[in-house]
Amino acid sequence: QVQLVESGGGLVQAGGSLSLTCAASGHTFSRYVMGWSRQAPGKKREFVASIAGTSTYFAESVKGRFTITRANAKDTVVLQMNSLKPDATTVYYCAARIGLVPTTEVHEYDYWGQGTQVTVSS
């Protein structure tokens, strides 16, 4: 059974940085697309970033400020968030998609973590 566990959320001031880590288990990590999405209360879940092999993809709103990396030997994927803005305040979810075809569509991911809260104060 695939399990994804996020960590690293918390409170940070605007302009600061946070690093979110997703630890995966139960599948061959290197054969999955890994991604991050976020969802504010009452809003749809939105794509943030993904990594397929060594290719990375980002939402326009975070390009240039967020990076995503994976360590296949450790079954982890990290979302580094820099220059954070208050509108980044929400719950961030790690996701996995079977196969290596990248996607920015959140409904195309197969597995999800429980989420980690990020709060950016102004």
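You'll find the structure just up there.
Given the structure is predicted, the values throughout are model-derived calculations rather than measurements.

Q: Would you explain the nonpolar core in this entry?
A: Nonpolar side chains in soluble globular proteins tend to be buried together. With 34 residues, the main nonpolar core has Met-34, Trp-36, Val-77, Leu-79, Met-81 and Tyr-92 as its most contacted residues. Sorting the residues of this core by element identifies strand 3 (18-25), strand 4 (32-39), strand 5 (46-52), strand 7 (66-71), strand 8 (76-81), strand 9 (90-98) and strand 11 (116-121) as the ones contributing at least two each. Element by element, the count of residues in this core is highest for strand 5, at five residues. The contact partners of Met-81, leaving out residues within four places of it in the chain, are Gly-16, Ser-17, Leu-18, Leu-20, Arg-65, Phe-66, Tyr-92 and Val-118.

Q: Would you mind showing me how to read the packing of aromatic side chains here?
A: Between two aromatic rings, the relevant description is the distance of the centres plus the angle of the planes. Taken as a whole and assessed by the stated rule, the structure comprises one aromatic pair. The ring of Phe-29 has Arg-70 sitting right over it, with the charged end atom 4.6 Å from the ring centre.

Q: Sorry, what's going on with unusual backbone geometry here?
A: Glycine aside, negative phi is the norm for most residues, and most peptide bonds take the trans geometry. Residues other than glycine seldom take positive phi values, yet Asp-75 does so here, at roughly 55 degrees. Here Asp-75 shows up in the loop between strand 7 and strand 8. One non-glycine residue with positive phi stands out, namely Ser-83, at about 50 degrees. With respect to the helices, strands and loops of the structure, Ser-83 is situated in the loop between strand 8 and strand 9. A relative accessible area of 40% means that Ser-83 is categorised as partly exposed.

Q: What am I meant to see in the state of the cysteines here?
A: Each disulfide consists of one covalent bond between the sulfur atoms belonging to two cysteines. Applying the stated criterion to the full structure yields one disulfide. A sulfur-sulfur distance of 2.1 Å marks the disulfide that ties Cys-22 to Cys-94. Sign of the S-S torsion, about -75 degrees for the bond between Cys-22 and Cys-94, identifies this disulfide as left-handed. Of this pair, Cys-22 sits in strand 3 while Cys-94 sits in strand 9, and the two are 72 residues apart along the sequence. With relative accessibility at 0%, the residue Cys-94 sits in the buried group.

Cut-offs applied
- Throughout, residues of each chain are indexed from 1 in the direction in which the sequence is written.
- At least 70 in pLDDT is required for a residue's local features to be given in this predicted model, at least 80 for side-chain atom pairs to be given and counted, and no such filter applies to totals for whole chains, interfaces and linings, which use all residues.
- As a convention, hydrogens and water are excluded, and side-chain values are obtained from all of the structure's heavy atoms.
- The term nonpolar core refers to a set of buried residues drawn from Ala, Val, Leu, Ile, Met, Phe, Trp, Tyr and Cys, joined through side-chain atoms within 4.5 Å.
- The buried label goes to any residue with under 20% of its type's maximum accessible area, the exposed label to any with over 50%, and the partly exposed label to all in between, with areas taken from a 1.4 Å probe on protein chains only.
- What counts as a helix is a DSSP run of H or I of at least four residues, what counts as a strand is a run of E of at least two, and both are numbered from the N terminus.
- Every residue pair with non-hydrogen atoms within 4.5 Å of one another is taken to be in contact.
- Think of it this way: a Phe, Tyr or Trp ring, Trp meaning its six-membered ring, pairs with another when their centres are within 6.5 Å, and the plane angle makes it stacked under 30 degrees, edge-to-face over 60, tilted otherwise.
- Cation placement over rings: the criterion is NZ of Lys or CZ of Arg within 6 Å of the ring centroid and within 35° of the ring normal.
- For this text, the term disulfide refers to a pair of cysteine sulfurs within 2.5 Å.

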